[in-house]
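Structural characterization, general
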Amino acid sequence: MSQPLINRYALTFIGLVLAVLVSAQIDTQIQVSKQLSLLMHFADRQALADNFDAIMFVESQLPRIVMAIMVGAMLGLVGSLMQQLTQNPLVSPMTLGTASGAWLALVIMNVWFPTLVGDYASVAALIGAMLTLGLVILIAGVRNLAGLPVVLAGMAVNILLGAIATAIILLNDQYAKNLFIWGAGDLAQNGWQQVQWLLPKLSAAILIFLFAPRVLALLRMGQASASARGLNIIPAILGLFAIGLWLVAASITTVGVISFIGLLAPNIARQLGARTPKDELFYSMLLGSVILVITDALAVGLSVLTFDLVPSGTAAALIGAPALIWFTRRKLSAQDQLSFSMPKSHYAMSQPKLLGLLFVLVALGLFTTLFNQVTHGQGVTNGQEVSWIWATPDAFGWQIQWPRLITSAAAGAGLAVAGVLLQRLIYNPLASPDILGISAGATLALVGGAIFIGLNIFSTAPVIAFLGSMSVLGVLLVLGKRHQYAPSMLILIGIALTALIEAIVQFALAKGDETSYIILSWLAGSTYRVTPSSAVMLAAIVIGLIGFALVTCRWLTLISTGREFAKARGLNVPRAFVLLLCCVALLCAAVTATMGPVSFIGLLAPHMAVILGAKKVEMQLPTAAILGASLMVFSDWLGQNLVYPSQIAAGTIVSIVGGIYFILLLLKGRRSMS
């Protein structure tokens, strides 16, 4: 081992020791000498812990630090293993969606198989993570593990599984309360039981150090060279992935979801000089411990200052989201600049066909208003019978129903037009407000306002939401310019923002009060709580902004052709660009402030409009608006009746449908490139 390598390890180990010492001094009243005495006589700790502070140090603070070291080491090790196996510096358990698979598996187990949770939770999490990984690899293809498609597939699967998990929690909230702290990623300990449970399960890491270095070294020479030297590639990769996912599943079963450690540690290790596969594995493991101990110390310090629980997963996301953006800017390669084209069409949209679509929307509105399920009579099991009826709603029912109908139609139309504008402005057919994080910016502003300043999240707060959307737009424009607004750059920024929002949301849910369910139901994208005044205001804003987009469609046509061409035709390109982007931000802010975030409408509707032949701007805008409105109206009706008398939020239905469409789009793109 070379001297620089020894020095690097020594300095990092010293950093870990210092981080542990600092963490041990937070929120404790006992002196360092007493702490050292308790450590030196650890076997007799129960006799020496003669007061409450000493007991808390021995039974809570010490096991928490040990847990941070263990889990951080495993996340760093598995992150390095995944990145080396795929030769992709942006891969981690988070970006591959495996954490969402484990989360969904645990939600299902807690709701429907609660008696098995104690013995089989880690097995369920492992199965969920492995099935998710298999789905992601199936979508992206084995040959694309080193590029952007695997990250895009992970993002799509993450949104899809997250929407399903949210729907299950909202429908069975009484069984899922204990998942809130787990979802936030909390390292708090009450004794040494969890450490003793987890430690033997992490012994599988030895297998990685025994078998992975040779496999990884051969893979660095290329798959053809590795096969020529006798490596059976597929079984080797799948076997190592299985071991890594077991370590992740065991860790997050114990402490919950903690993102970004597996992404940060290997990248930092390479920046600091880790070169060989074995060196990177060891160093990433050591750095993972350092990062998580520091992160957890930050979480404990914030909890002490704010007198409120700050989960470790939230602190990790606050650090990791900016880091993901940083590494994205540095690590994107030519293979990541993949091109995606709009779907092909042999049709042509005309005004009569557009009027026909409008008639379909009106008919759909009448259908969803008149045909619904109702309860009546005395049933055998739950006291009431449920049946479908055709009927005009009474005055009370109409007072509830029409704001929901107006809101869903306006939200769908607004997000569809926002998607058209974005796709044409930045020449990116994958652009939509949710995928790029613009809707996420509005969500972050509103959820942050609800948590930190007591904002009523259901009150109309378009100004705060608009500021959040515009902030994200500014970040996208500044960071994306270097890569000419490539899909890879913009989408990964959206992933980072989405992960940050999820962490803040989990922080809110970890409180376990009524606000938790209010925020969660709002995040599902529901029209349930929309008031008549909010519905009318949303409709007015959306109609006005769509009118602006139609009036300025010449700007969009010229910019779509090319900025230089538009400039030569006399268009003030910077002004038009900013105004149209402001229109996008306002549409997202108005919808998000009224009914919560809604995914994939901004991607689905513009593509459907093109499939129907609306290729020109002046046709694509109204066609997409009508299609988006129809999708949302139907999704809202389906959510109201699918599990009646319970309800599924329209945003959840659309997320599931849109997630499946996005996955099919990725599969089609993969086939076209093969």
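Residues numbered from 1 in each chain as written. Predicted model: local features only at pLDDT ≥ 70, side-chain atom pairs only at ≥ 80, totals over all residues. Heavy atoms only, no water.

1. What about the overall build of the chain?
Stated precisely, the cut-off is as follows: A run of DSSP states H or I qualifies as a helix once it reaches four residues; a run of E qualifies as a strand once it reaches two. Both are numbered from the N-terminal end. Under the scheme applied here, a residue whose accessible area is under 20% of the maximum for its type counts as buried, over 50% as exposed, and between as partly exposed, the area being computed with a 1.4 Å probe on protein chains only. Calculation of accessible area relied on Shrake-Rupley with a 1.4 Å probe; when residues are assessed, cover is drawn exclusively from the protein chains displayed.
Per the secondary structure count, the chain includes 29 helices and two strands. Here the chain, with 674 residues, has 58% of them falling under the buried criterion. With the model as given, the accessible surface of the chain reaches about 28,100 Å², and the carbon-plus-sulfur share is 67%.

2. Focus: the pattern of salt bridges
To be explicit about the condition: Should a side-chain nitrogen of Lys or Arg be within 4 Å of a carboxyl oxygen of Asp or Glu, the pair is scored as a salt bridge.
Applying the stated rule across the entire model yields four salt bridges. Where E280 meets R270, a salt bridge forms, and the shortest distance between an N and an O atom there is 2.6 Å. With a gap of 10 residues between them, E280 in helix 15 (residues 277-306) and R270 in helix 14 (residues 261-271) connect regions that are remote in the sequence.

3. Quick word on a nonpolar patch on the surface
Test applied: Like charges are joined within 9 Å and nonpolar side chains (Val, Leu, Ile, Met, Phe, Trp, Tyr) within 5 Å, but only among residues with over 30% relative accessible area and no salt bridge; these make up the patches.
Taken together, the side chains of W112, F113, L116, Y120, V123, I127 and L131 present a nonpolar region at the surface, about 710 Å² in accessible area. No other element matches the four residues that helix 6 (residues 117-140) contributes to the nonpolar patch. Tracing the backbone through its elements, the reader meets Y120 in helix 6. Assessed through its relative accessible area of 46%, Y120 is described here as partly exposed.

4. Topic: the nonpolar core
Condition: The criterion is simple. A nonpolar core is a set of buried Ala, Val, Leu, Ile, Met, Phe, Trp, Tyr and Cys residues joined through side-chain atoms within 4.5 Å. The contact criterion used is simple: two residues touch if any of their non-hydrogen atoms lie within 4.5 Å.
Formed by 192 residues in total, the largest nonpolar core has its most connected members in L77, L247 and L421. Once residues within four sequence positions are removed from consideration, L247 is found in contact with M74, L77, V78, K201, L202, A204, A205 and I208.

5. Let's talk about helix 23 (residues 532-551)
Which entries qualify depends on this criterion: Multiplying one less than the number of residues by 1.5 Å gives the expected span of a helix. Our arc is simply the arc of the directions from the helix axis toward the C-beta atoms.
The end-to-end C-alpha distance of helix 23, which contains 20 residues, comes to 29 Å, matching closely the 28 Å that a straight helix rising 1.5 Å per residue would cover. Those residues of helix 23 that fall on the buried side of the exposure criterion are S534, A535, L538, A539, V542, L545, I546 and A549. All buried residues of helix 23 lie within an arc of 145 degrees about the axis, which places them on one face of the element. Of the residues in helix 23, the exposed ones pointing more than 90 degrees away from the buried face are S533, I543 and V551. Elements in contact with the buried residues of helix 23: helix 18 (395-425), helix 24 (553-561), helix 26 (573-595) and helix 28 (617-641).

6. Points about the packing of helix 24 against helix 26
The cut-off we apply is this: Only the stretch in contact is used when a helix axis is fitted, and all axes are lines through C-alpha atoms; the angle between N-to-C directions ranges over 0 to 180 degrees. The labels follow the angle: roughly parallel below 35 degrees, roughly antiparallel above 145, roughly perpendicular from 65 to 115, and oblique for the rest. In this scheme the handedness of a crossing depends on how the near helix is turned from the far one: anticlockwise by less than a right angle means left-handed, clockwise means right-handed. Charged means Asp, Glu, Lys or Arg here, nonpolar means Ala, Val, Leu, Ile, Met, Phe, Trp, Tyr, Cys or Pro, and polar covers whatever is left, Gly included.
Between helix 24 and helix 26, whose axes approach to 10 Å, the crossing angle comes to 115 degrees. By the angle between their directions, the pair helix 24 and helix 26 is classed as roughly perpendicular. Judged by the sense of rotation from one axis to the other, the crossing of helix 24 with helix 26 is left-handed. Between helix 24 and helix 26, the contacting residues are W555, L556 and I559 on the first element and R575, A576, F577, L579 and L580 on the second. Per-class residue counts for the contact of helix 24 with helix 26 are seven nonpolar, no polar and one charged.

7. Topic: the packing of aromatic side chains
The geometry of two aromatic rings is summed up by the distance between their centres and the angle between their planes. Selection rule: Paired rings are identified among Phe, Tyr and Trp, the last through its six-membered ring, by centres lying within 6.5 Å, and are further divided according to the angle between planes into stacked (under 30 degrees), edge-to-face (over 60) and tilted (the rest). Charge-over-ring contacts are defined here by two conditions on Lys NZ or Arg CZ: a distance within 6 Å of the ring centre and an angle within 35 degrees of the ring normal.
This model, assessed by the stated rule, comprises nine aromatic pairs. Plain terms: the ring middles of F367 and F371 are 5.5 Å apart, the flat faces sit at 40 degrees to each other, and that makes the pair tilted. Residue F371 is classed as buried on the basis of its relative accessible area of 18%. Centre to centre, the rings of F548 and W555 are 6.3 Å apart; their planes meet at 85 degrees, and the pair counts as edge-to-face. In this structure F548 comes out as partly exposed when scored by relative accessible area, which is 28%. Relative accessible area serves as the criterion here: at 18%, W555 is assigned to the buried category. Taken together, F367, F371, W388, W390, F634 and W637 form an aromatic cluster joined through their ring pairs. Its guanidinium or amino end placed over the ring of W197, K201 lies 4.0 Å from that ring's centre, counting from NZ or CZ.

Geometric values such as these leave the question of function open.
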